[in-house]
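Fold and geometry: a report
Each chain, written out:
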Amino acid sequence: MTTGRISASGRYSQLSHWGAFTAVVEQGRFVRAESAPFNPWPSPMLRSMPAMVNSPLRINRPAVRKGWLDKRNRTRSGDANVFVEVAWDTALELVATELARVRAERGAAGMFGGSYGWSSAGRVHHARTQVRRCLFAGGGCVDQIGNYSWGAAQTLLPHVIGTYEPVTGKVTTWPSIIAHCQVFVAFGGLPLRNAQITSGGGGEHTLPAYLRAAKAAGVKFINISPNRADMPEWLDGRWIPIRPNTDTALMLAMAHELITHDLHDVGFLAQHCTGFEQLKAYILGAGVEGSAGDVARTPEWAAPICGVEAATIRELAHQLHGTRSMLSFAWALQRAHRGEQPFWMGIALAAMLGTIGLPGGGFSFGHASSNAIGVPRPPIPGPEMSAGRNPASAHDIPVAHLSEMLLRPGAEYQFNGATRQYPDIGLVYWAGGNPYHHHQDVNQLMRAWEKPETVIVHDSHWTATARRADIVLPATTTLERSDIGGGSRDRFIIAMQQAIEPVGQARNDYAIFGDLAARLGYAEAFCEKRNAAAWIQLLYARQREAAAAAGITLPDHEAWQAQGFAELPKPERDFVLFEAFRANPESAPLSTASGRIELFSERIAAMQYDDCPGHPAWLMPDECLASPPSAWPLHLISTQPAEKLHSQGDFAQPASRVAGHTPLYLNPVDAAARGIRSGDTVRIFNQRGATLGGALIEPGLVAGVAAMPTGSWLRFAPDGTELSGNPNMVSLVRGTSRLTQGCAALTARVEVCREGG
Ligand SMILES: Nc1nc2c(c(=O)[nH]1)N[C@H]1C(S)=C(S)[C@@H](COP(=O)(O)OP(=O)(O)OC[C@H]3O[C@@H](n4cnc5c(=O)[nH]c(N)nc54)[C@H](O)[C@@H]3O)O[C@H]1N2
Ligand SMILES: Nc1nc2c(c(=O)[nH]1)N[C@H]1C(S)=C(S)[C@@H](COP(=O)(O)OP(=O)(O)OC[C@H]3O[C@@H](n4cnc5c(=O)[nH]c(N)nc54)[C@H](O)[C@@H]3O)O[C@H]1N2
Ligand SMILES: [Mo]
């Protein structure tokens, strides 16, 4: 399928989630990604892009699993892994027929199209948007609510502060911190590796520059994390090692110290918050009705839970009193069992310190969880194509309930005060995500995956998910199509230009869904009479309109295309979260039930969830180092991989392996106790599964903690052991609580031993 538009050699403006770049093409082949000149800190991830795009692991033609094609058989025995390549026409007919059949037999509630995943930074060809748009326009499907990144926060924060916008990155901006903050407390640290990524792509990467400026301005940094390496050494931060999932206990004890020394900001708590009295009673151990127990949450109480000495907890409380502090919470803290509590208690602690709404002070989320958090930008939305409205949204599931939904159709569960029911799924449609990387407890997922009658996957590469589908359609990568790219927190809107011909018979997701919608008789509802180029035109026109409304002139379409990007200016004024609310809580109330910050929420209390009571509380996570000893003595945390985005291009990163496996970081004491040395192949296992890792000894890791990056492609030994090193072989499927049902991937106890030794 030659379009005839692509010349043999050239340079094209392009964008990935890890940065804007120029695609250099020689003789029709993509050979190099050169970072955009305006980016001060380009991501090394750009280097592996040609290996990703030109990989032998690309899906070249539509393929159908033989067992399904011959007998509609979904069991994975015999010929289960044999795929038959078919013509596009045949494949599209099979997909359209299946969509029509399942819709007729089961209705919208029988089709799962949630399709969670990152796919493209280009917004028109964003696969997840398109699959949902197509299934919504055809009558609806089961979608996923929230995300893996900050699902617990997304549902909790509206109850507490009236909005979840701050967790999307709209927090007090760096210039305000640099000018006014004295102490920056980073729960989960500020790992630079994570700041390479922005959803929708990053024109500029700015975190190191802001951190250096803050340090030069005299801001003191504190890294509260199980890993010293979570803060760059050159920041000269103080490391307070903490056991994973126990930050709430630490903060409750700091609050106890403040209250008992009359150091809490009584005025702010009275004027801007509700429920301090209930929280205070809980902290002091007065045992109010509906609160969990009557233990005083003293530093001595917290120390054995979180592993931080009582004296250190006291010192920290006194250090923060009376100073301008920013408490920043990595998203990781809430991606754990009972993950609501550290975010809620963090807000409560900032309220007690009285810094919320002051320049450079208060609380924030994930200042390094992604690029562009707290970066000054005019308040206009990023380019976004709408998926439309889902007529079947009553059946949607919380994002991380994938396996439970498939395994327990009809079962009831709680979510944010409502009783919901899992639908009975006959067909799964996934475009632009890799659940066989991202979902917890892969062995459970494999059992769940047998349930639906048909699984359809679009991907550019033969991922573990594609290999477990029945019908596989090859998608182009961003290099093979034009698009508009940009994120809601980034200042650059990129004109993405097709650089190479589609690889093999790959097609654009938008074109595939357009064809399917036509076969199913609703092309107009899906396409709205626009081809991809017309959508790009429209989305850019909307950006120009939004910018104009904010007094900003963006170049016209032709100039944007010619330049390859448009740039939004930095606003002159700093953004300070809740500044207006602080100045006048009566005239600028929050959108909570009370209009104030809710340290006790009547609404949450009324739900009567003992796993998320009406105020922040210490609730023991199911598997952490503070829970009773078990056969699984170590706490495994997963981290984002430094060299790639999730599982994308894992095959192009051999240098990141240790002994051929994903690294498994261990404290020297834990390693020695198991006879493990750096470079050894180790087995990580528990009741849920087993995976291999390559040991690296890390003195800056808290004893009892093991850490492994996510994202490796699955590879199985006959006994079911995963050979590449993927933490989701042993991670836990459990909603964070009945309130938010977020993903709890960072809660898991395991044992580790030397493999073959
Ligand atoms: N244990 C553990 N698990 C986790 C996490 C954790 O911290 N610990 N983190 C979670 C989080 S926060 C996230 S966001 C998820 C990420 O999970 P995912 O978003 O599912 O991971 P990716 O590897 O980015 O998957 C994107 C897929 O889209 C494909 N793709 C790229 N471009 C296109 C395209 O144009 N069209 C199509 N059809 N496909 C395309 C890629 O090849 C890839 O397979 O993982 C979650 N899983
Ligand atoms: N290079 C790279 N960057 C990425 C991504 C990627 O795939 N690769 N993915 C992006 C995505 S989708 C997301 S959602 C974000 C995720 O951003 P985060 O959730 O912030 O990232 P993580 O690496 O999971 O965790 C950050 C650090 O928190 C620490 N930590 C873990 N548990 C605890 C705890 O209980 N308490 C404390 N105090 N610290 C803890 C860990 O040591 C870890 O290094 O990253 C984004 N950035
Ligand atoms: Mo994420």
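The notes below deal with the structure included here.

**Some thoughts on the overall build of the protein**
Counting its secondary structure elements, the protein contains 24 helices and 29 strands. Its C-alpha radius of gyration of 26 Å places the protein within 12% of the 27 Å reference for a compact globule of 757 residues. The C-alpha extent of the protein, read off along each of the three principal axes, is 75 × 60 × 50 Å. The proportion of buried residues among the 757 residues of the protein is 63%. Within the protein, contacts between residues separated by at least 24 positions form 74% of all contacts whose residues are at least 6 apart in sequence. Surface accessibility of the protein: about 25,900 Å² in total, with carbon and sulfur atoms responsible for 51%. In the protein, 67 side chains carry a positive charge and 67 a negative one; their mean positions are 3 Å apart.

**Brief notes about helix α16 (residues 442-449)**
Where burial is concerned, most of α16 is hidden: 6 out of the 8 residues are buried. In this structure, the buried residues of α16 make contact with α14 (402-407), β17 (427-431), α15 (435-438), β18 (454-459), α17 (464-467) and β27 (689-697).

**A short note on the packing of aromatic side chains**
Tallied over the entire structure, the rule returns 27 aromatic pairs. Residues F38 and F492 carry aromatic rings whose centres are separated by 4.2 Å and whose planes lie at 5 degrees to one another, so their mutual orientation is stacked. Linking F38 in the loop between β3 (29-35) and α1 (49-53) with F492 in strand β21 (residues 492-496), this pair joins segments that are 454 residues apart in sequence. Seen from their ring centres, F184 and F221 are 5.3 Å apart, and the 40 degrees between their planes marks the pair as tilted.

**Section: helix α20 (residues 532-549)**
Taking 1.5 Å of rise per residue, the 18 residues of α20 would be expected to cover 26 Å, and the 26 Å separating its terminal C-alpha atoms lies within 8% of that figure. Following α20 by one or two positions, G551 adopts a phi angle in the positive range, close to 80 degrees.

**Focus: the sheet that holds strand β19 (residues 471-474)**
Across the sheet, which stays open at both edges, the 6 strands sit in the order β5-β4-β19-β18-β17-β6 with mixed pairing between neighbours. Of all the strands in the sheet, just β5 (83-85) and β6 (111-112) have a single pairing partner and so form its edges. Of the strand pairs in this sheet, β6 and β17 are connected by 2 bridges, and their pairing is parallel. Opposite M111, over in β17, you have L427 as the bridge partner. Across the sheet, helix α18 (residues 509-519) lies against β17, β18 and β19, angled at about 145 degrees from β17, the strand it touches most.

**Structural notes on the site of ligand 1**
For ligand 1, the set of nearby residues contains 31 residues, the closest of which are H438, D459, S647, Q648 and N728. Here W118 contributes a backbone N or O atom positioned 2.9 Å from an oxygen atom of ligand 1. Coverage of ligand 1 by the protein chains reaches 97% of its 910 Å² of free accessible surface. Of all the elements in the fold, those that place two or more residues in the shell around ligand 1 are α15 and β18.

What counts and what doesn't
Residues numbered from 1 in each chain as written. Chains lettered and ligands numbered in written order. Predicted model: local features only at pLDDT ≥ 70, side-chain atom pairs only at ≥ 80, totals over all residues. Heavy atoms only, no water. Helix = DSSP H or I, 4+ residues; strand = E, 2+ residues; numbered from the N terminus. Rg over C-alpha atoms; globule rule 2.2 N^0.38 Å. Buried < 20%, exposed > 50% of the residue type's maximum accessible area, 1.4 Å probe, protein only. Contact = heavy atoms within 4.5 Å. Areas by Shrake-Rupley, 256 points an atom, 1.4 Å probe, with all protein chains shown as cover. Lys, Arg positive; Asp, Glu negative; His and termini not counted. Charge placed at Lys NZ, Arg CZ, Asp CG, Glu CD. Phe/Tyr/Trp six-rings, centres within 6.5 Å; stacked < 30°, edge-to-face > 60°. Expected span 1.5 Å × (residues − 1). Pairing = 2+ DSSP bridges. Axes fitted to C-alpha atoms, helices over the stretch in contact; angles between N-to-C directions. Near = heavy atom within 4 Å. Polar contact = N/O pair within 3.5 Å; in protein donor to acceptor, adjacent residues only side chain to side chain.

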